[in-house]
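# Observations on chain architecture
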Amino acid sequence: MNPVLKGYVRLTRPANLPTAAADILAGVALSGVFLNTPEVEIQFFRIGYLVIASVLLYAGGVVLNDVFDYKLDLQERPERPIPSGLVPLKAAAIFGGLLLIFGIVFAFLVHNISGFIAFLLAVSILAYDGYFKKYAFFGPLNMGLCRSLNLLLGMSVLGSVDSIWFAAVPLAYIFAITLISRGEVHGNNKNHIIWAGILYAMVVFGVVGVIRYTSGQLLWSFPFLGLFVFLIYRPLGKAYRLNSPGNIKKAVISGVLSLIVLDASLAVGFAPWWYGLFIILLLPLSMLLSKIFAVT
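Here, residues in each chain are numbered from 1, in the same order as that chain's written sequence. The predicted origin of the model limits local features to residues at a pLDDT of at least 70 and limits the giving and counting of side-chain atom pairs to 80 or more, whereas totals for whole chains, interfaces and linings rest on all residues. Calculated side-chain values reflect all of the structure's heavy atoms, with hydrogen atoms and water omitted.

## Quick notes on the overall build of the chain
Basically, it comes down to this: Helix numbering and strand numbering both begin at the N terminus, where a helix is a DSSP run of H or I of at least 4 residues and a strand a DSSP run of E of at least 2. The classification of residues rests on relative accessible area computed with a 1.4 Å probe and restricted to protein chains. Under 20% of the type maximum is buried, over 50% is exposed, and intermediate values are partly exposed. Contact definition: two residues touch when any of their heavy atoms are within 4.5 Å. Under the convention used here, a 1.4 Å probe and the Shrake-Rupley method define accessible areas, while residue burial counts only the protein chains that appear. When charges are counted, Lys and Arg contribute as positive and Asp and Glu as negative, whereas His and the chain ends are disregarded. Charged groups are reduced to one reference atom each: NZ for lysine, CZ for arginine, CG for aspartic acid, CD for glutamic acid.
Helix and strand counts for the chain come out as 15 helices and 0 strands. Projected onto its principal axes, the C-alpha coordinates of the chain cover approximately 55 × 45 × 35 Å. Going through the 296 residues of the chain one by one, you find that 52% of them count as buried. Restricting to contacts in the chain with at least 6 residues of sequence separation, those with at least 24 account for 77%. A total of about 13600 Å² of accessible surface is found on the chain, and carbon and sulfur atoms cover 71% of it. Side-chain charges of the chain comprise 20 positive and 12 negative groups, with the mean position of each set lying 9 Å from the other.

What follows is the structure, encoded as structure tokens:
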């Protein structure tokens, strides 16, 4: 691959993009679309448009994050495409902006409500990248809000969004991951890891509660939740015992990629078991891409 082209691709964090698609697929299940099989067939192209919109919005967000972090990355991550000079700063800003715009356009192709949610998501992304990420509380909260809006984007596939309180699950989870990432460069974040562990537990019980008191289809969720717990707590425990930047980074990467399993756990409470397995298939793709491209 051409080095410059690869630089642009690296900016989009390819390994993270399947997690954005998984949010949409989980949101589609939560919308109730599987209550009527013909509806799934009718909504096939709408689901595709929403997946594309979500991936573009996520990609635009991480590109612009690097644009805003340009000066900091010159010191801490000089190997990244922008500070290394591989991708010009202005070109990266235009690239990220276009990705956000096209993400919103694809959402509007589904429904005006979808487009409005995508617009709010783009605003939230810019708010995080340009301002809120520097704050210890509001940064993680803003990042969690972005994932919540992404889930709601998937739930808008039928042109309406009910039970928006489902969005509290990704909000708490991303808040936890963002807390962990605060020590990715320098380490020494044991307090953040403890709070993240508590939030992780709240997320797991939250998923059980959401399914128990809405659909009641808990049986198929347990295997997915078991895998989810293993994937997130194992690296978190190592990062606590040896609070080094390397272990913290592994905990963050595992947390980000495990979003796919979390989404599958939610989805199978409102859809057939095979739908959860379909979402899980995004995990090996994400893991493969993580061997080639940086996750954080």
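## What about helix α15 (residues 282-290)?
This is how it is decided: Arc definition: directions from the helix axis to the C-beta atoms.
Within α15, the full set of buried residues consists of Leu 282, Leu 283, Ser 286 and Leu 289. All buried residues of α15 lie within an arc of 130° about the axis, which places them on one face of the element. Summarising the contacts, the buried residues of α15 are in contact with α2 (17-30), α11 (221-241), α12 (245-257), α13 (259-267) and α14 (273-280).

## A short note on the confidence of the model for the chain
So the rule is basically this: By definition, pLDDT measures how confident the predictor is in each residue, and it falls between 0 and 100.
When pLDDT is averaged across the chain, the result is 90; 95% of the residues are at 70 or more. Within the chain, the lowest mean pLDDT, 55, falls on helix α3 (residues 37-42), and the highest, 98, falls on helix α6 (residues 89-108).

## Focus: a nonpolar patch on the surface
Just so we agree on the cut-off: Surface patches are drawn from residues lacking salt bridges whose relative accessible area is over 30%; two like charges belong together within 9 Å, two nonpolar side chains (Val, Leu, Ile, Met, Phe, Trp, Tyr) within 5 Å. Note on definitions: salt bridges are taken to be side-chain nitrogens of Lys or Arg within 4 Å of carboxyl oxygens of Asp or Glu.
The grouping of Phe 44, Phe 45, Tyr 49, Ile 52, Ile 94, Leu 98, Ile 101, Phe 102, Val 105 and Leu 109 at the surface amounts to a nonpolar patch, some 990 Å² of accessible area in total. Among the elements of the structure, α4 (44-68) and α6 are those that each provide at least two residues to the nonpolar patch. A total of 5 residues in the nonpolar patch trace back to one element, the largest contributor, which is α6. Among the secondary structure elements, Ile 101 is positioned in helix α6.

## Let's talk about α11
Stated precisely, the cut-off is as follows: A helix is expected to span 1.5 Å multiplied by its residue count minus one.
Here α11 is 21 residues long and its end C-alpha atoms lie 30 Å apart, about the 30 Å a rise of 1.5 Å per residue gives. Considered for burial, the residues of α11 that qualify are Ser 221, Phe 224, Leu 225, Phe 228, Ile 232, Pro 235, Leu 236 and Ala 239. In this fold, the buried residues of α11 make contact with α9 (168-181), α10 (190-212), α12, α13 and α14.

## A short note on the nonpolar core
For clarity, the cut-off: The set of buried Ala, Val, Leu, Ile, Met, Phe, Trp, Tyr and Cys residues whose side-chain atoms join them within 4.5 Å is what this entry labels a nonpolar core.
Leu 57, Tyr 173, Phe 228 and Tyr 275 are the most contacted members of the largest nonpolar core, which totals 95 residues. Counting residues per element, this core draws most heavily on α4, which supplies 11 residues. Residues contacting Tyr 275, with those up to four places away along its chain left out, are Leu 25, Val 28, Ala 29, Phe 34 and Ala 267.

## Regarding the packing of α9 against α12
Any two packed helices are characterised by the angle at which their axes cross and by the distance between the axes. Rule in force here: With axes taken as lines fitted to C-alpha atoms, and helix axes fitted only over the stretch in contact, angles between N-to-C directions fall between 0 and 180 degrees. Any angle from 65 to 115 degrees is called roughly perpendicular, while one under 35 is roughly parallel, one over 145 is roughly antiparallel, and all others are oblique. Each helix crossing is assigned a hand: it is left-handed if the near helix lies turned anticlockwise from the far helix by less than a right angle, otherwise right-handed if that turn is clockwise.
Put simply, α9 and α12 touch, their axes get as near as 9 Å, and they point 160° apart. Accordingly, the angle class assigned to the pair α9 and α12 is roughly antiparallel. α12 is crossed by α9, and the crossing has left-handed handedness. Between α9 and α12, the contacting residues are Tyr 173, Ile 177, Ile 180 and Ser 181 on the first element and Ile 248, Ala 251, Val 252, Gly 255 and Val 256 on the second.

## Some remarks on the side chain of Asp 66
Along the polypeptide, Asp 66 turns up in helix α4. Not counting residues up to four positions away in its chain, the partners in contact with Asp 66 are Leu 11, Arg 13, Asp 73, Arg 80 and Ile 82.

## Describing a positive patch on the surface
Together, Arg 234, Lys 238, Arg 241 and Lys 250 make up a region of like positive charge exposed at the surface. Element by element, the count of residues in the positive patch is highest for α11, at 3 residues. Locating Arg 241 in the fold gives a position in helix α11.

## Considerations on unusual backbone geometry
Although it is not a glycine, Arg 13 sits at a positive phi angle of roughly 50°. Within the fold, Arg 13 resides in the loop between α1 (3-11) and α2. A relative accessible area of 6% means that Arg 13 is categorised as buried. The backbone of Ser 163 sits at a positive phi, close to 55°, despite the residue not being glycine. Secondary-structure assignment places Ser 163 in the loop between α8 (138-155) and α9.

## Considerations on the packing of aromatic side chains
Which entries qualify depends on this criterion: Ring pairs shown here join Phe, Tyr and Trp side chains whose ring centres sit within 6.5 Å, with only the six-membered ring taken for Trp; geometry is labelled stacked below 30 degrees between planes, edge-to-face above 60, and tilted in between. Cation placement over rings: the criterion is NZ of Lys or CZ of Arg within 6 Å of the ring centroid and within 35° of the ring normal.
Considering all chains together, one arrives at 17 aromatic pairs under this definition. Relative to Phe 175, the ring of Phe 137 lies with its centre 5.6 Å away and its plane at 65°, an arrangement referred to as edge-to-face. In this pair, Phe 137 sits in the loop between α7 (112-130) and α8 while Phe 175 sits in helix α9, placing the two residues 38 residues apart along the sequence. Members of the aromatic cluster, each reached through a chain of ring pairs, are Tyr 131, Phe 132, Tyr 135, Phe 137, Phe 138 and Phe 175. Across from the ring centre of Tyr 240, 4.7 Å away, lies the NZ or CZ of Lys 190, which sits over that ring. Across the ring face of Tyr 213, the terminal group of Arg 212 is positioned such that the distance to the ring centre comes to 5.4 Å.

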